[in-house]
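# Per-entry structural report
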Amino acid sequence: MNGVSPPASVARARDDILARIAAAAASVNRDPSTVHLTAVSKLQPDEAVDAMLAAGQRRFGENRVQEATRRWTPRRSGYPDLELRLIGPLQTNKAKDAVSMFDVIETLDRERLAASIADACAKLGRRPQLLVQVNTGEEIQKAGVPPRDVDAFVRRARETFGLKVSGVMCIPPVGEPAGPHFALLANISRRHGLEVISMGMSADFELAVRFGATHVRVGSALFGARPGT
Ligand SMILES: *Cc1c(COP(=O)(O)O)cnc(C)c1O
């Protein structure tokens, strides 16, 4: 043991990431307060999440509806300013659970899902913020709307399903430089007037900030390696 209590080391890790975000923003003359840290807590132990809450972090990303529900249902009421973001793929049969649990769904990527989310919003009287996941690398195995279809997809989501789409997110292909993908996503967001740009993970969040990210999704650089990985 090094004598440092977990909350102290967690707070330090968070301060470090926030400082790096601020420095990256300043390096391109962006106001650091326009960049937001999403702490990706998927697969992390509850104690690590509680330490992050104690350090002041309120914006968290989870990739599974069930895991998020188990973890956050008992914690929600203690933190009125909590912001939970779904960053993993969403099945239509979980749309209702997702709409009731999350404040932001970052992975809207097909019409059937848009329909299910719209239905759940009407039933539950909740309207989470929605981001369209864009498959910037046009990878066959990856979720997301191809760049050329974003325009039509956003229009359909708004006009046919009455959804409010506020932004875009992407996960660049593994093993490729991320810069061109970040540039493409930032371009798409500008073209469609979608203000929220979720991009950048532990390995490349500073680059994402330089390309215009409004939200970076940082897991392992913040919490340490996910158990079992
Ligand atoms: C797991 C995950 C992250 C965080 O990844 P790290 O490399 O641990 O920062 C970010 N975004 C998505 C969509 C993820 O699934």
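Just so we're clear, the structure is a prediction, and the values are computed from it rather than from any experiment.

What follows concerns the layout of surface pockets. Its volume calculated, the largest pocket comes out at about 520 Å³. Taken together, the residues of the lining of the largest pocket sort by class into twelve nonpolar, nine polar and six charged. Estimated volume of the second largest pocket: approximately 160 Å³. Together, N63, R64, V65, Q66, L86, P89, L90, Q91 and K94 line the second largest pocket. Class assignment for the residues of the lining of the second largest pocket results in four nonpolar, three polar and two charged.

A few words on the site of the ligand. Surveying the vicinity of the ligand reveals the residues V40, K42, I87, I171, M201, S202, R217, V218, G219, S220 and R226. One of the side-chain N or O atoms of K42 is found 2.7 Å from an oxygen atom in the ligand. Contact between the ligand and S220: an oxygen atom at 2.8 Å from a main-chain N or O atom of the residue. Computed on the free molecule, the ligand has an accessible area of 390 Å², of which 89% lies beneath the protein chains in the complex. Comparing atom positions with the cavity grids shows the ligand to sit within the largest pocket.

Listed as buried for helix 2 (residues 46-54) are D46, A48, V49, A51, M52 and L53. Immediately downstream of helix 2, the backbone of G56 shows phi near 105°, a positive value.

Attention now goes to the side chain of S189. Relative to the helices and strands, S189 resides in helix 7 (residues 179-192). With sequence-adjacent residues up to four places away left out, S189 is seen in contact with V168, L194 and I197.

This next bit is on the pattern of salt bridges. For side chains bearing opposite charge, pairing can occur when the charged atoms are close. In this structure the tally under the stated criterion is 19 salt bridges. Across the pair E83 and R85 runs a salt bridge whose closest N-O atoms are separated by 2.5 Å. Connected via shared salt-bridge partners are D46, D50, E62, E67, R70, R71 and R75.

What counts, and at which threshold
- Residues numbered from 1 in each chain as written.
- Predicted model: local features only at pLDDT ≥ 70, side-chain atom pairs only at ≥ 80, totals over all residues.
- Heavy atoms only, no water.
- 1 Å grid on protein atoms, 1.4 Å probe; cavity = no way out; pocket = protein on both sides within 12 Å on 5 of 7 lines; lining within 4 Å.
- Points joined across faces, edges and corners; volume = space filled by probe spheres on them.
- Nonpolar A, V, L, I, M, F, W, Y, C, P; charged D, E, K, R; others polar.
- Near = heavy atom within 4 Å.
- Polar contact = N/O pair within 3.5 Å; in protein donor to acceptor, adjacent residues only side chain to side chain.
- Areas by Shrake-Rupley, 256 points an atom, 1.4 Å probe, with all protein chains shown as cover.
- Sits in = over half its atoms within 2 Å of the grid points.
- Buried < 20%, exposed > 50% of the residue type's maximum accessible area, 1.4 Å probe, protein only.
- Helix = DSSP H or I, 4+ residues; strand = E, 2+ residues; numbered from the N terminus.
- Contact = heavy atoms within 4.5 Å.
- Salt bridge = Lys/Arg side-chain N within 4 Å of Asp/Glu carboxyl O.

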